[in-house]
Amino acid sequence: MQRNKTLIIAGCLSFIASLLHIACIFGGPEWYLFFGAGERMAQLAAVEDPYPTIVTLIIASILAGWGLYALSGAGLIFKLPLLKTFLVLITAIYLIRGIAGLFAPFVTSDPVVHQNSVTFWVVSSIICCIYGMYYLFGTKQVWRSV
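Residues numbered from 1 in each chain as written. Predicted model: local features only at pLDDT ≥ 70, side-chain atom pairs only at ≥ 80, totals over all residues. Heavy atoms only, no water.

Peer 1: Can you lay out the overall build of the chain for me, pointing to particular residues and giving the numbers?
Peer 2: Assigned secondary structure in the chain consists of 7 helices and 0 strands. Reading the secondary structure of the chain in the N-to-C direction produces α-α-α-α-α-α-α. Principal-axis analysis of the C-alpha atoms gives the chain an extent of 50 × 35 × 20 Å. With 146 residues in all, the chain has 38% of them scored as buried. On the chain, roughly 8700 Å² of surface is accessible, and the fraction owed to carbon and sulfur atoms is 73%. Side chains of the chain give 8 positive and 5 negative charges; the mean places of these two sets differ by 33 Å. (Helix = DSSP H or I, 4+ residues; strand = E, 2+ residues; numbered from the N terminus. Buried < 20%, exposed > 50% of the residue type's maximum accessible area, 1.4 Å probe, protein only. Areas by Shrake-Rupley, 256 points an atom, 1.4 Å probe, with all protein chains shown as cover. Lys, Arg positive; Asp, Glu negative; His and termini not counted. Charge placed at Lys NZ, Arg CZ, Asp CG, Glu CD.)

Structural data, given as structure tokens:
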């Protein structure tokens, strides 16, 4: 069986994102700000409130889970339950976040959106679109192989 290289890359990208989230916990408030978590999260991290750590660990765990699903779809690890369904959902989430984030700072005045810079929204959205495209093309290969 040939390995799905596109999903291997997608999985690695999700693992990198997961590790960067964990690094924010250890990097402290400056890292939260740099990676776009917003002033509130940075302030809470500065006073050692557990909220940023909990939220960041949840996000990191989800991203690591997505990485495992990509590796499962690539044939590197055992087949996880609802593999195709989850690959489609992960793809959709990355692409929707990426596309929506390209427009959000320009079409809303919501303070949650504007706590981050336009640069943050554009850069993070492009990254999400790239991740989503790897998942999309890799998932298409999985769908065709059955």
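From this point, the discussion proceeds with the structure in view.
Peer 1: Please provide a residue-by-residue account of unusual backbone geometry, values included.
Peer 2: For Glu48, which is not a glycine, the phi torsion comes out positive at approximately 60 degrees. Mapped onto the elements of the fold, Glu48 is located in the loop between helix 3 (39–46) and helix 4 (50–74). Positive phi outside glycine occurs at Leu82, with the angle close to 55 degrees. With relative accessibility at 57%, the residue Leu82 sits in the exposed group.

Peer 1: Any details on the packing of helix 1 (residues 5–27) against helix 7 (residues 118–144)? Residues and values, ideally.
Peer 2: Running from N to C, helix 1 and helix 7 cross one another at 145 degrees; their axes reach a closest spacing of 8 Å. Regarding helix 1 and helix 7, the two cross each other, and that crossing is left-handed. Note on element contacts: helix 7 touches helix 1 through Tyr131, Tyr134, Tyr135, Phe137, Gly138, Thr139, Gln141 and Val142, opposite Thr6, Leu7, Ile9, Ala10, Gly11, Leu13, Ser14 and Ala17. In terms of residue class, the contact of helix 1 with helix 7 is built from 10 nonpolar, 6 polar and no charged. (Axes fitted to C-alpha atoms, helices over the stretch in contact; angles between N-to-C directions. Left-handed = near helix turned anticlockwise from the far one by under 90°. Contact = heavy atoms within 4.5 Å. Nonpolar A, V, L, I, M, F, W, Y, C, P; charged D, E, K, R; others polar.)

Peer 1: Summarise the environment of Ile96; cite the residues concerned and give the values.
Peer 2: You can see Ile96 is positioned in helix 5 (residues 83–107). For the pair Ile96 and Leu80, spaced 16 residues apart in the sequence, the C-alpha separation amounts to 24 Å.

Peer 1: Give a description of helix 1 that names residues and reports values.
Peer 2: The terminal C-alpha atoms of helix 1, which comprises 23 residues, lie 32 Å apart, in line with the 33 Å expected from a rise of 1.5 Å per residue. For helix 1, the secondary structure elements touched by its buried residues are helix 2 (29–34), helix 4, helix 5 and helix 7. Of the residues flanking the end of helix 1, it is Gly28, one or two places downstream, whose phi is positive at about 85 degrees. (Expected span 1.5 Å × (residues − 1).)

Peer 1: Tell me about the packing of aromatic side chains, residues and numbers included.
Peer 2: Per the stated rule, a full pass over the model turns up 7 aromatic pairs. Ring centres 5.4 Å apart and planes at 65 degrees place the aromatic pair Tyr94 and Tyr131 in the edge-to-face group. Here Tyr94, found in helix 5, pairs with Tyr131, found in helix 7; they are 37 residues apart in sequence, far enough to count as distant. Each member of the pair Tyr94 and Tyr131 is classed as buried. An aromatic cluster is built from Trp66, Tyr94, Tyr131 and Tyr135, whose rings are joined through pairwise contacts. Geometry around Trp143 places Lys84 over its ring, the cationic atom sitting 4.7 Å from the centre. (Phe/Tyr/Trp six-rings, centres within 6.5 Å; stacked < 30°, edge-to-face > 60°. Lys NZ or Arg CZ within 6 Å of the ring centre and 35° of its normal.)

Keep in mind these values describe shape, not function.
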